[in-house]
Amino acid sequence: MATNYTSTEMMTITAARSLSSHMTCFVGIGLPSEAANVARMTHAPDITLIYESGTIQTQPKILPLSIGDGELCESALTTVSVPEMFRYWLQGGHVDVGFLGTAQIDKYANLNTTVIATKYDKNGKNGKQSYAHPRVRLPGGGGAPEISTNAKEVFITVKHSTRTFVEEVDFVTTVGFGRDGKARDNLPQVGLGPTAVITDLCILKPHPQTKELIVVSLHPCVSRDQVIEATGWQIKFADTLSTTKAPSDIELEILRDLKARTEKAHNQQEDQ
Amino acid sequence: MATFMSLAQAIEAGVKNGNSVAMEGFTHLIPFAAGHEIIRQKKQNLTLIRMTPDLIYDQLVGAGCVKTLVFSWGGNPGVGSLHRVRDAIQNGFPKDLETVEHSHAAMANAYEAGAAGLPMAVFRGYIGSELSDVNDQIKFITCPFTSEKLACVPAIKPDVGIIHAQKADRQGNVLIEGIIGVQKEVVLSAKHSIVTVEEVVDKLDAHPNSCVLPAWTVDSIVVAKGGAHPSYAHGYYMRDNQYYKNWDAISRDRESFSQWLQSEVLQAGGQ
């Protein structure tokens, strides 16, 4: 096991390990894309990666900057139209795992990528109010609202901080388990929802009954207090708390090579 | 039937103040040259429709051409925010901007419904999302066969649809290759369509299942070499990722955007 790695590398490699070769994974851009490609280059060579731009079974050698870089199409088995992607492939039930990032996440794993609100009025707080008075306008939902319900399950990877991990999101762009934790009850056509949240400090999973996110594994050398301090609600820990396995030398080498290759390729483009 | 013309003629004839205009291209084949021509012709009060507004609508919003933005993901991919769009929403600069916000699945379905001549699209979507609280175009219906609750949104039927493509033949048939996004749906759903292309060739050499728009589905064809830059044209040029990165600083500041607009669009002339 390696000892010299950053917390971000720990997060990416842990996220990568959550994927396996037999899965079909619908990949969000950024951290999820990095993790999914590390998985493909390490323990999950046969994983099927799908991006919302329509590229199916893509095998990029470098990480794309956007969801539709040429590299994704050139290395894909096939490329379909965007309506076909969302209707046949995602809604049609061909996606095992949706892999998402977010700007805000709450204790029921609801995601907000729409607005950060000006006023935090605890009593009158709801999505509509926040939307009308944004302090920060975020990009919006993109593919996530339907990835979250049409994929069989969802993994989320995001850095841990009180800015991101809030008790209640300002706006539910993408449902986890709803503001009451019951949004998926009695909906047989809808997937399991978020089953793992991987951060730079720990792994969280929803409680089987309440659906509240609880910490199930701490990364090496991370304390409970660090997680408590970085979470905007009274975070709970599983009775049997694991320690996440540190990255191996090979995993780190592959991740660092991928990032260096990506950077070099993007710089070459700049020189053209 | 497709008529070949200059970019200035095509925009002049096709885009009127107050029109709803969909300029599509999912990261790939974004019709930037056409967008810049719309700015040069100072079109006003447009309703712009696009899944990923990208730099092209940031520029049009910053230039003051836009009244309403219909979209599903409004960022600078891999870089950050669309600062001109944000300035318009948060501060009303250069003017107030109405937004109609969807998810990608909703817009893709709505374009398809438009192309299919239906009044609305039905899909399994928006479950638990608060977007339906802030967009009255999002409704739910009950399936008459299974009783499942499903989302529906009105079909997109823009006044004008504008796309970029790799090539057209001399009759005006158009070939689109690579990431095809919603290019076909936009042209088929629009009342009037403009296609800009990298080049005109004698023969398209299209495979039997290629994405081809017959000449009789297109109104105006314009040769605009490099017309998708800084996005890309598969087989012609790569995405200019550095341009996207540089846009962050240019667009963040009203003054630097204004200078960019003057030198790169208004005084640049066009093709």
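About the criteria used
Residues numbered from 1 in each chain as written. Chains lettered and ligands numbered in written order. Predicted model: local features only at pLDDT ≥ 70, side-chain atom pairs only at ≥ 80, totals over all residues. Helix = DSSP H or I, 4+ residues; strand = E, 2+ residues; numbered from the N terminus. Rg over C-alpha atoms; globule rule 2.2 N^0.38 Å. Buried ≥ 20, exposed ≤ 12 C-beta atoms within 10 Å, placed from the backbone. Contact = placed C-beta atoms within 7 Å. Pairing = 2+ DSSP bridges. Axes fitted to C-alpha atoms, helices over the stretch in contact; angles between N-to-C directions. Core = buried A, V, L, I, M, F, W, Y, C linked by C-beta atoms within 7 Å. Nonpolar A, V, L, I, M, F, W, Y, C, P; charged D, E, K, R; others polar. Parallel < 35°, antiparallel > 145°, perpendicular 65-115°, else oblique. Left-handed = near helix turned anticlockwise from the far one by under 90°. Right-handed = clockwise from strand over helix to strand, strands pointing away.

Draft legend 1. Highlighting the overall build of chain B. Scanning chain B from N- to C-terminus turns up nine helices and 15 strands. Taking 2.2 N^0.38 as the reference for a compact globule, 271 residues should give roughly 18 Å; the C-alpha atoms of chain B span a radius of gyration of 18 Å, in line with that estimate. Judged by the C-alpha coordinates and their principal axes, chain B covers about 55 × 50 × 30 Å. Counting all 271 residues of chain B, 55% fall into the buried class.

Draft legend 2. Fine view of the overall build of chain A. Secondary structure assignment for chain A yields eight helices and 14 strands. A compact globule built from 272 residues would reach a C-alpha radius of gyration of about 19 Å, and chain A, at 18 Å, matches this within 12%. Projected onto its principal axes, the C-alpha coordinates of chain A cover approximately 55 × 45 × 40 Å. In chain A, buried positions account for 52% of the 272 residues. Taking the contacts inside chain A whose residues are at least 6 apart along the sequence as the reference set, 68% of them involve residues at least 24 apart.

Draft legend 3. Structural view of the sheet that holds strand β8 (residues 120–123) of chain B. Residues and elements named next belong to chain B. Across the sheet, three strands lie side by side as β8-β10-β9; this open sheet has antiparallel pairing. In this open sheet, the two edge strands, each paired with only one partner strand, are β8 and β9 (139–142). Here the strands of the sheet are splayed against their neighbours by 35° on average, with no regard to which way each runs. Pairing of β9 with strand β10 (residues 149–154), which is carried by four bridges, proceeds in the antiparallel orientation. Its bridge partner being in β10, I141 is matched across the sheet by L150. Running over the sheet, helix α5 (residues 104–115) touches β8 and β10 and is turned about 135° from β8.

Draft legend 4. Region of the structure containing the nonpolar core. If you look at the biggest cluster of nonpolar residues, it comprises 153 residues, and the most contacted ones within it are L19(A), C25(A), F26(A), V21(B), L60(B), L69(B) and V195(B). If you tally residues by element for this core, the top one is α5(B), at eight residues. When near neighbours in sequence (up to four residues on either side) are disregarded, C25(A) contacts L19(A), A36(A), I47(A), T48(A), L49(A), I50(A), D96(A), V97(A) and F99(A).

Draft legend 5. Summary view of the interface of chain B and chain A. Contacts between the two partners involve 46 residues from chain B, matched on the other side by 45 residues from chain A. Among the elements of the structure, α4 (83–91), α5, α6 (131–134), α7 (183–189) and α8 (241–252) of chain B are those that each provide at least two residues to the side of chain B that touches chain A. Considering every element that reaches the side of chain B that touches chain A, the biggest residue donor is α5(B), with six residues. A breakdown of the residues in the side of chain B that touches chain A according to their chemical character gives 18 nonpolar, 18 polar and ten charged.

Draft legend 6. Spatial organisation of the pairing of strand β2 (residues 20–23) of chain B. Residue and element names in this part refer to chain B. As judged from the three bridges shared by β2 and strand β3 (residues 46–49), these two strands associate in the parallel manner. Each bridged residue has a counterpart across the sheet, and for S20 the counterpart in β3 is T47. Strand direction decides the pairing type here: β2 and strand β11 (residues 160–169), joined by three bridges, are parallel. When the sheet's bridge partners are listed, M23 is paired in β11 with I162.

Draft legend 7. A look at unusual backbone geometry. Between F93(B) and the following residue, P94(B), the backbone shows a cis peptide bond with an omega angle of -5°. Among the secondary structure elements, P94(B) is positioned in the loop between α4 and β7 (98–101). Here the residue pair H229(B) and P230(B) is connected by a cis peptide bond, since its omega of 10° sits within 30 degrees of zero. Tracing the sequence through the fold places P230(B) in the loop between β15 (220–223) and α8. For C221(A), which is not glycine, the phi torsion reads 70° and is therefore positive. Tracing the chain through its elements places C221(A) in the loop between β13 (213–218) and α7 (224–229). In this model, D205(B) sits at a positive phi of 50°, which is unusual for a non-glycine residue. The residue D205(B) is located in the loop between β13 (192–201) and β14 (211–213) in this model.

Draft legend 8. The arrangement of the packing of helix α1 (residues 7–17) of chain A against helix α2 (residues 31–41) of chain A in detail. Residue and element names in this part refer to chain A. In contact at an axis separation of 8 Å, α1 and α2 are set at 60° when each is read in the N-to-C sense. Compared by their axis directions, α1 and α2 come out oblique. For the element pair α1 and α2, the recorded crossing hand is right-handed. In contact with T12, I13, A15 and A16 of α1, α2 contributes L31, E34, A35, V38 and A39.

Draft legend 9. The arrangement of the environment of D219(B) in detail. All names here are of chain B. Examined against the element boundaries, D219 turns out to sit in the loop between β14 and β15. For D219 and A2, which are 217 residues apart along the polypeptide, the C-alpha to C-alpha distance reads 4.6 Å. Beyond its immediate sequence surroundings of up to four residues, D219 is in contact with A2, T3, G14, H192, S193 and I194.

Draft legend 10. Local environment of the environment of D106(A). All names here are of chain A. With respect to the helices, strands and loops of the structure, D106 is situated in the loop between β6 (104–105) and β7 (111–112). Overall, the presence of 24 C-beta atoms within 10 Å leaves D106 in the buried class. As for D106 and V95, which are separated by eleven residues in sequence, their C-alpha atoms are 24 Å apart.

Draft legend 11. Structural view of the pairing of strand β14 (residues 236–243) of chain A. All names here are of chain A. By the criterion of burial, β14 is predominantly exposed, with just zero of the eight residues buried. Pairing between β13 and β14: four bridges, direction parallel. Looking at β14, one finds that V215 is bridged to F237. Note that the unit made of β13, α7 and β14 has a crossover that is right-handed.

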